[in-house]
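Letter by letter, the chains look like this.
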Amino acid sequence: MIRPVLARREQVIPGTQAVAFVVGIAVALLLGVILLLTSGHNPAEVYERMFDSAFMGTDSLSRTLERATPLALTGLAVAVAGSMGLWNIGAEGQMMAGATIATGVAMVADGLPGPLLIAVMIVAGIAGGMVLMLGPALARSHLGVSEIITTLMLVYVAIRVVEWLETGPWKDPESFGFAVIEPVPEQAALPGLFGRANIGMLIALGLLIVFWLAVSRTAWGYELRLAGSSPNTARYAGVSLRRKILTALLLSGGIAGLAGAVQLTGSATRLESGLSNGYGFAGIIVAALALMRPSGVAVVAFVFGAVQVGGQSIQTMGVSSANSDILQAMILFGALVAAVFFNYRVRWTGPSGDSAATESEEPGTAVEGA
């Protein structure tokens, strides 16, 4: 019986991932046309509204950048762990933990001047994300427990803690019976840049640059990549895998916690259970599409920010905002499929695999397909 196999190409097109991302966007838009037509909407009008609301004008662009900021930070958080072959699935919870600790600090230190209070809240946010990540990091580095499971489980713990605070010790006494936490002090708001964009965008951009330099230009970054790609080689070179795992995961959690503090001081006015708004989970997609590279994280976060802003704008046309989530998923799958075919080609072989073995001189270049 003849069956297909995937064989790695000898020469891969330069910039494959960037091309695959563009292909993914094209595929998503094409499938989106079909989706909109079947639901009785004009695709041209819907896409025009999405484009205008995301890019046309200062206010539209500022909304896109406002959305892209937490996506870039959570994407970077996942990418930091991913650089070592680890998966931080709990950025959503770490973001909430960061915002929670930052809120607690603001309640205690509400008399501080604005710049100092913001700085203290940001540091507290980083600490909050690290604290939530500490358990999974120790379990992974010392016991070998999967960080995927532990980080994901703690997401719901962080959210439930906020829900308890809303109805319990932190409930706003002036909320007229509503379960809300009192707003953060006015001086805790991040300075704006233009429209709805604030300096949180610059914080995210600065961190992306710093991480890129650290990974590509420092011994620490080289050891991190070596430990992720070849643990045995790293051990031979004297690199402590336990220390690297612990460092990478704690740093990842801290950046996600920073995202929570930036969201709290930049776009929100108070801590609430919906503050993370799915940014932590979307950050996983951002990092995956960017291949865990900071430069790619920035681009993908900006595109996804635009898609989310556009998805909100089309609700006035009677189109569900869920279409933006569908487009994001389609971009991911389209880009992944394109990347596979850019790196592999399909060959047909018999049960013995003679055909694939004849065409592939190097053993192990053929991967069985479904």
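Overview of the structure. Quick caveat, the model's predicted, so the values are computed rather than measured.

What counts as what
- Residues numbered from 1 in each chain as written.
- Predicted model: local features only at pLDDT ≥ 70, side-chain atom pairs only at ≥ 80, totals over all residues.
- Heavy atoms only, no water.
- Helix = DSSP H or I, 4+ residues; strand = E, 2+ residues; numbered from the N terminus.
- Buried < 20%, exposed > 50% of the residue type's maximum accessible area, 1.4 Å probe, protein only.
- Contact = heavy atoms within 4.5 Å.
- Areas by Shrake-Rupley, 256 points an atom, 1.4 Å probe, with all protein chains shown as cover.
- Phe/Tyr/Trp six-rings, centres within 6.5 Å; stacked < 30°, edge-to-face > 60°.
- Salt bridge = Lys/Arg side-chain N within 4 Å of Asp/Glu carboxyl O.
- Axes fitted to C-alpha atoms, helices over the stretch in contact; angles between N-to-C directions.
- Parallel < 35°, antiparallel > 145°, perpendicular 65-115°, else oblique.
- Left-handed = near helix turned anticlockwise from the far one by under 90°.
- Nonpolar A, V, L, I, M, F, W, Y, C, P; charged D, E, K, R; others polar.
- Patch = residues over 30% accessible without salt bridge, like charges linked within 9 Å, V, L, I, M, F, W, Y side chains within 5 Å.
- 1 Å grid on protein atoms, 1.4 Å probe; cavity = no way out; pocket = protein on both sides within 12 Å on 5 of 7 lines; lining within 4 Å.
- Points joined across faces, edges and corners; volume = space filled by probe spheres on them.
- Core = buried A, V, L, I, M, F, W, Y, C linked by side-chain atoms within 4.5 Å.

### Some details on the overall build of the protein chain
Then, in step 1: Scanning the protein chain for helices and strands turns up 14 helices and five strands.
Then, in step 2: Expressed as a percentage of its 370 residues, the buried residues of the protein chain come to 47%.
Then, in step 3: For the protein chain, the proportion of contacts with a sequence separation of at least 24, taken over those separated by at least 6, is 77%.
Then, in step 4: A total accessible area of about 17,800 Å² is found for the protein chain, and carbon and sulfur atoms account for 65% of it.

### Thoughts on the packing of aromatic side chains
Then, in step 1: Following the criterion strictly, the structure yields two aromatic pairs and no others.
Then, in step 2: The interplanar angle of 45 degrees and the centroid separation of 5.9 Å between the aromatic rings of Phe55 and Phe302 together place this pair among those described as tilted. Residue Phe55 is located in helix H2 (residues 43–55), and its partner Phe302 is located in helix H12 (residues 294–313); the two are separated by 247 residues in the primary sequence.
Then, in step 3: For Phe302, a relative accessible area of 28% gives the class partly exposed.
Then, in step 4: Each member of the aromatic cluster is reached from another via a ring pair, and the members are Phe51, Phe55 and Phe302.

### A closer look at the pattern of salt bridges
Then, in step 1: Per the stated rule, a full pass over the model turns up six salt bridges.
Then, in step 2: The salt bridge involving Glu163 is made with Arg160; its shortest N-O contact spans 3.6 Å. Separated by three residues within a single helix, Glu163 and Arg160 lie in helix H6 (residues 147–167), roughly one turn from each other.
Then, in step 3: Classification of Glu163 as partly exposed rests on a relative accessible area of 31%.
Then, in step 4: Among the salt bridges present, the one from Lys244 reaches Glu223, with a minimum N-O distance of 3.2 Å. With Lys244 in helix H10 (residues 241–266) and Glu223 in helix H8 (residues 219–229), this residue pair connects regions lying 21 residues apart in the sequence.

### Description of helix H11 (residues 279–289)
Because an α-helix packs 3.6 residues into every turn, residues spaced three or four apart end up facing the same way.
Then, in step 1: Of all eleven residues in H11, eight are buried; the element is thus mostly enclosed.
Then, in step 2: Listing the buried residues of H11 in full gives Tyr279, Gly280, Ala282, Gly283, Ile284, Val286, Ala287 and Leu289.
Then, in step 3: Phi for Leu291, located one or two positions after H11, is positive at around 55 degrees.

### Concerning the packing of helix H3 (residues 58–82) against H12
Then, in step 1: Put simply, H3 and H12 touch, their axes get as near as 7 Å, and they point 135 degrees apart. In this view, H3 runs oblique relative to H12, as classed from their interaxial angle. Two packed elements cross with a definite hand, and for H3 against H12 that hand is right-handed. Mapping the contact onto sequence places Leu61, Arg63, Thr64, Leu65, Arg67, Ala68, Leu71, Ala72, Gly75, Leu76 and Ala79 in H3 and Val297, Ala301, Phe302, Phe304, Gly305, Ala306, Gln308, Val309 and Gln312 in H12.
Then, in step 2: Tallied by class, residues from the contact of H3 with H12 come to 13 nonpolar, five polar and two charged.

### Focus on a nonpolar patch on the surface
Then, in step 1: Together, Leu193, Leu202, Leu205, Ile209, Trp212 and Leu213 make up a nonpolar patch on the protein surface, roughly 520 Å² of accessible area in all.
Then, in step 2: Broken down by element, the residue count for the nonpolar patch peaks at five residues, all from helix H7 (residues 200–217).
Then, in step 3: We classify Ile209 as partly exposed; its relative accessible area is 44%.

### A look at the environment of Ile159
Then, in step 1: Tracing the backbone shows Ile159 in helix H6.
Then, in step 2: Residue classification places Ile159 among the buried residues on the basis of a relative accessible area of 15%.

### Examining unusual backbone geometry
Then, in step 1: With a phi angle near 55 degrees, Asn277 is a residue other than glycine that sits in the positive phi range.
Then, in step 2: Relative to the elements of secondary structure, Asn277 occurs in the loop between H10 and H11.

### Topic: empty space enclosed by the protein
Then, in step 1: What the rule picks out here adds up to two cavities of 30 Å³ or more.
Then, in step 2: Within this model, the largest cavity holds a volume of roughly 60 Å³.
Then, in step 3: Mapped onto the lining of the largest cavity, the elements with two or more residues apiece are H3, strand S3 (197–198) and H10.
Then, in step 4: Among the elements that take part in the lining of the largest cavity, H3 stands out by supplying four residues, more than any other.
Then, in step 5: Split by residue class, the lining of the largest cavity holds five nonpolar, five polar and one charged.

### Structural notes on the nonpolar core
Burial of nonpolar side chains together is a common tendency in soluble globular proteins.
Then, in step 1: Ranked by internal contacts, the top residues of the largest apolar core, which has 50 residues, are Leu289, Val300, Phe304 and Ile331.
Then, in step 2: Apart from the residues lying within four places of it in its own chain, the contact partners of Phe304 are Leu71, Ile285, Val286, Leu289, Gln328 and Ile331.

### Describing the side chain of Ser276
Then, in step 1: Relative to the helices and strands, Ser276 is located in the loop between H10 and H11.
Then, in step 2: Residue class for Ser276 comes out buried when judged on its relative accessible area of 2%.
Then, in step 3: Beyond its immediate stretch of four places on either side in the chain, Ser276 contacts Glu92, Met95 and Met96.

### Quick look at the packing of helix H4 (residues 91–108) against H6
Then, in step 1: At a minimum axis separation of 7 Å, H4 and H6 run at an interaxial angle of 35 degrees. Helix-helix and strand crossings are classified by hand; for H4 and H6 the assignment is left-handed. Every residue of H6 that contacts H4 at Glu92, Gly93, Gln94, Met96 and Thr100 is listed here: Thr151, Val155, Ala158, Ile159, Val162 and Leu165.
Then, in step 2: Of the residues in the contact of H4 with H6, the class split is six nonpolar, four polar and one charged.

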